[in-house]
Amino acid sequence: MPSVDLASSPLRELNSALHALTDNTNATHWTVSNPRGQHNIAVGLDFPVEIEIDGHVGYYCAGMNKQARVTVRGNAGQGIAENMMSGRVHVTGDASQAAGASGNGGLLVIDGNASARCGISMKGIDIVVKGSVGHLSAFMAQAGKLVVLGDAGEALGDSIYEAQLFVRGTVASLGADCVEKPLKDEHKVELKKLLDDAGVEGVSPDEFKRYGSARKLYHFHIDNVGSY
Amino acid sequence: MSAQDRWIHTPPRKSATFDDAAIAEIRRAAATGIYDIRGAGAKRKLPHFDDLLFLGASISRYPLEGYREKCATDVVIGARFAKKPIHLKIPITIAGMSFGALSGPAKEALGRGASAVGTSTTTGDGGMTPEERGHSDLLVYQVLPSRYGMNPDDLRKADAIEVVVGQGAKPGGGGMLLGQKITERVAGMRRLPVGIDQRSACRHPDWTGPDDLEIKIQELREITDWQIPIYVKVGASRPYYDIALAVKSGADAIVLDGMQGGTAATQDVFIENVGLPTMCAIPPAVKALQDLGMHRKVQLIVSGGIRNGADVAKCLALGADAVAIGTAALIALGDNDPALEAEYQKLGTTAGAYDDWHEGRDPAGITTQDPLLAARLDPVVAGRKLANYLSVMTLEAQTIARACGKSHVHNLEPEDLVALTMESAAMARVPLAGTNWIPGSNI
């Protein structure tokens, strides 16, 4: 199992080695120590590798991830798992702004809280936040599911397209064109699976409310001008 | 009318303030309740490169022979950090225009034309199509605020990356692609419902300001293993500071787009009233690069209203390393062709004025997603036309450069230029013709 100490080894070497992984490698489980808040750790991976980062990371950790499973044992800076395509990213602490921004696929799990704009522009990623999320989360969210076990800040789902939002606690306010929608059985099944995948126990899908697009802003109409 | 009446009533006089266009727009707004949306760039009269002249060689300057002596046109872009900088044979590139805004055959034609003369083309909002990649020898992949179609596989297929902060037609504004053009394929690439009016974000989702941008650029470099150049594109608004901040953020090259630069669709009020004309944005941009000791190290690519080789030469003389064309490239492909006048008339317009690109009914098959219309454009023929046009522009720029005694188009300099008007002298920071006066130069 390769072990990289970022206190003595340059980030470039780590990312370069991870990009060079091929099918015949045995190095499928990596540990990274002393990240010390460095930015851009384990970005652009495209290989089914397991990476454990022991400590806090800076911006864009696991950005554009494909296939890899990345665990951050600490807090994550801005844009964790931004534009993720597939795989899984797990943060055991809190995450800063724009967690999972514009992600297309895969699963992002945040054990703590996520700051503002969690899931902004999300395009198919699933995000489970066990704590709360900040303002403008799921802004212009297009596809995928954002699950929040705590509370959501102001303007949740502003200008949302077809993403689905599930919040267990309170919502400070909903953004333009975002409305509460019925939580039907099919949603509960999807939600249960996501909670299971995220390792959440003892929480029932019935405890959540579902939010999504009212679809009133899909075509410009002068009578909706107050919403713009 | 009696002779007496004629003296009582003054002749009809139209207002200079409420001219025909202003009145028509008030009526249109009252009838529809929506602002005017259109494609292309600013149509109002602006200070532009026509207001500049080259002096040419004489006793004190030695010209080069037009048909024999070499005048090089090659440009290397992105050698600051990238292991594989872009080598262009000509200093004219194709600006970013999306598949979605443009048809598949139009994107293919742009790739064919650009590749034939050794230059690059650029993706746009909505991602990279296989046709485009396949027909472009050098393809710049845009990372836009919307991140529509953004994926790391395409990022790694690109020859360069362009982080788009803004666009000259709408600095501070996001994109629009109206429902008519959101076909199944376009919607699939952008992960949107078919047929809705699509808004592209005006801010990037995961960074704000130059300190974040520096980290974002580093992320893109790490993902692509520091192989390919990273450009930053800005609309012309505060060029001195924007260019300085882009350099500070680690850009290899900067694209500066003036307000004559086109867009697929945005509000007319935005296009005509926000931003700076291209000509006046270049000197402060070059000054920023010079002040930082980065002129010619971080390349400056200028776009917005470039039409011919004289415009190219003037941009280079003011300090740009290359130019980009969008609207002119579409015209070369066949946009607004008078041969289609009857069809333009049916759309309520005329050849040369057609700008409702957002409606997707382009009879030339360029700004459309209608398969029948798109099939009208032969990408081989259109690509050949673009290649011809790019070659002519290059020859024209060389002609001027040789006349000024330059063995490379990059050797053109502000000293070769004069201005015809005081405003253009002040904006371009070259002397008023026949004088040595640059208005504002001693302020």
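Residues numbered from 1 in each chain as written. Chains lettered and ligands numbered in written order. Predicted model: local features only at pLDDT ≥ 70, side-chain atom pairs only at ≥ 80, totals over all residues.

### With respect to the overall build of chain A
Of the regular secondary structure elements, chain A holds two helices and 11 strands. Its helices and strands taken in sequence order, chain A reads β-α-β-β-β-β-β-β-β-β-β-α-β from the N to the C terminus. Here the C-alpha radius of gyration of chain A, 18 Å, is about what a compact globule of 228 residues would show, namely 17 Å. Burial analysis of chain A (228 residues in total) assigns 54% to the buried set. Taking contacts inside chain A between residues at least 6 apart in sequence as the whole, the part at least 24 apart equals 24%. (Helix = DSSP H or I, 4+ residues; strand = E, 2+ residues; numbered from the N terminus. Rg over C-alpha atoms; globule rule 2.2 N^0.38 Å. Buried ≥ 20, exposed ≤ 12 C-beta atoms within 10 Å, placed from the backbone. Contact = placed C-beta atoms within 7 Å.)

### With respect to the overall build of chain B
In terms of regular secondary structure, chain B is built from 16 helices and 16 strands. Rg of the C-alpha trace for chain B: 23 Å, near the compact-globule value of 22 Å for 443 residues, within the 12% margin. Structurally, chain B occupies a C-alpha span of about 80 × 60 × 45 Å along its principal axes. Across the 443 residues of chain B, 56% fall into the buried class. For chain B, contacts bridging at least 24 residues in sequence account for 68% of all contacts bridging at least 6.

### Some remarks on the domain arrangement of chain B
Residue and element names in this part refer to chain B. For chain B, the assigned domains are domain 1 (50–407) and domain 2 (413–443). Taking only C-alpha atoms, the centre of domain 1 and the centre of domain 2 are 28 Å apart. The interface of domain 1 with domain 2 comprises 12 residues on the first partner and 14 residues on the second. Among the secondary structure elements, those contributing two or more residues to the side of domain 1 that touches domain 2 are strand E2 (52–54), helix H10 (278–291) and helix H11 (309–317). For the side of domain 1 that touches domain 2, the per-class residue count stands at 10 nonpolar, no polar and two charged. (Domains from an automatic or database assignment. Nonpolar A, V, L, I, M, F, W, Y, C, P; charged D, E, K, R; others polar.)

### Section: the interface of chain A and chain B
With 36 residues of chain A at the contact, the number on the chain B side is 21 residues. Every element with two or more residues in the side of chain A that touches chain B is listed here: helix H1 (11–19) and strand E7 (123–129) of chain A. With three residues, the single largest contributor to the side of chain A that touches chain B is H1 of chain A. Here the side of chain A that touches chain B is composed, by residue class, of 14 nonpolar, 16 polar and six charged.

### Here we look at the sheet that holds strand E2 (residues 29–33) of chain A
Residues and elements named next belong to chain A. Across the sheet, which stays open at both edges, the 11 strands sit in the order E1-E2-E3-E4-E5-E6-E7-E8-E9-E11-E10 with mixed pairing between neighbours. Of all strands in the sheet, those bounded by a partner on one side alone are strand E1 (3–5) and strand E10 (178–181). Between one strand axis and the next, the sheet turns by 15° as a mean value, whatever way the strands run. With five bridges connecting them, E2 and strand E3 (residues 50–54) associate as parallel partners. If you follow Val32 over to E3, its bridge partner there is Ile53. (Pairing = 2+ DSSP bridges. Axes fitted to C-alpha atoms, helices over the stretch in contact; angles between N-to-C directions.)

### Considerations on the sheet that holds strand E14 (residues 299–303) of chain B
Strands pair in a sheet through their backbones, by hydrogen bonds, and they do so in one of two ways: parallel or antiparallel. Residues and elements named next belong to chain B. Read across the open sheet, the eight strands follow the order E5-E15-E14-E12-E11-E8-E7-E6; overall the sheet is parallel. Strands with a single pairing partner mark the edges of an open sheet, and in this sheet they are strand E5 (92–94) and strand E6 (121–122). As defined by bridge partners, strand E7 (residues 139–143) adjoins strand E8 (residues 160–164) across four bridges and the pair is classed as parallel. Pairing of Tyr141 across the sheet is with Ile161, part of E8.

### Details of the nonpolar core
Residue and element names in this part refer to chain B. Residues Ile254 and Val323 are the most contacted members of the largest nonpolar core, which totals 204 residues. Top element by residues in this core is helix H15 (residues 379–403). It accounts for nine residues. The residues contacting Ile254, other than those within four sequence positions of it, are Tyr231, Val232, Ile243, Ala246, Val298, Leu300 and Ile301. (Core = buried A, V, L, I, M, F, W, Y, C linked by C-beta atoms within 7 Å.)

### Digging into unusual backbone geometry
One non-glycine residue with positive phi stands out, namely Ala81 of chain A, at about 55°. The residue Ala81 of chain A is located in the loop between strand E4 (69–73) and strand E5 (88–91) in this model. A tally of 34 C-beta atoms within 10 Å means that Ala81 of chain A is categorised as buried. Positive phi, normally seen in glycine, also occurs at Arg429 of chain B, with a value near 60°. Along the polypeptide, Arg429 of chain B turns up in the segment after helix H16 (422–428).

### Quick word on H1 of chain A
Along H1 of chain A, the positions that sit buried rather than exposed are Leu14, Asn15 and Leu18 of chain A. One side of H1 of chain A carries all its buried residues, which in axial view fall inside an arc of 90°. (Arc of directions from axis to C-beta.)

### Let's talk about the UniProt feature "domain: Glutamate synthase" (unreviewed entry) in chain B
In this numbering, the UniProt entry assigns the feature "domain: Glutamate synthase" (unreviewed entry) to residues 76–334 of chain B. End C-alpha atoms of residues 76–334 of chain B are separated by 30 Å, and the span's content is 36% helix alongside 18% strand. (UniProt positions renumbered as here; feature names shortened; annotations may be inferred.)

### What about the domain arrangement of chain A?
Domain annotation of chain A identifies domain 1 (1–87) and domain 2 (113–228). The distance between the C-alpha centroids of domain 1 of chain A and domain 2 of chain A comes to 28 Å.

### As for the environment of Pro91 of chain B
All names here are of chain B. Note on placement: Pro91 falls in the loop between strand E4 (86–88) and E5. A sequence separation of 193 residues divides Pro91 from Pro284, and the C-alpha atoms of the two residues are 21 Å apart. Ignoring sequence-local partners within four residues, the contact set of Pro91 consists of Thr73, Val75, Val312, Leu316, Asp321, Ala322, Val323 and Val409.

### Here's the deal with the packing of helix H8 (residues 239–248) of chain B against H10 of chain B
Residue and element names in this part refer to chain B. Remark: H8 packs on H10, axes separated minimally by 8 Å, with the N-to-C direction vectors making an angle of 40°. Here H10 runs oblique to H8, going by the angle between their axes. The hand of the H8/H10 crossing is right-handed. Contacts between H8 and H10 involve Pro239, Tyr240, Ile243, Ala244 and Val247 on the former and, on the latter, Ala281, Pro284, Ala285, Lys287, Ala288 and Leu289. Along the lines of polarity and charge, the residues of the contact of H8 with H10 split into 10 nonpolar, no polar and one charged. (Parallel < 35°, antiparallel > 145°, perpendicular 65-115°, else oblique. Left-handed = near helix turned anticlockwise from the far one by under 90°.)

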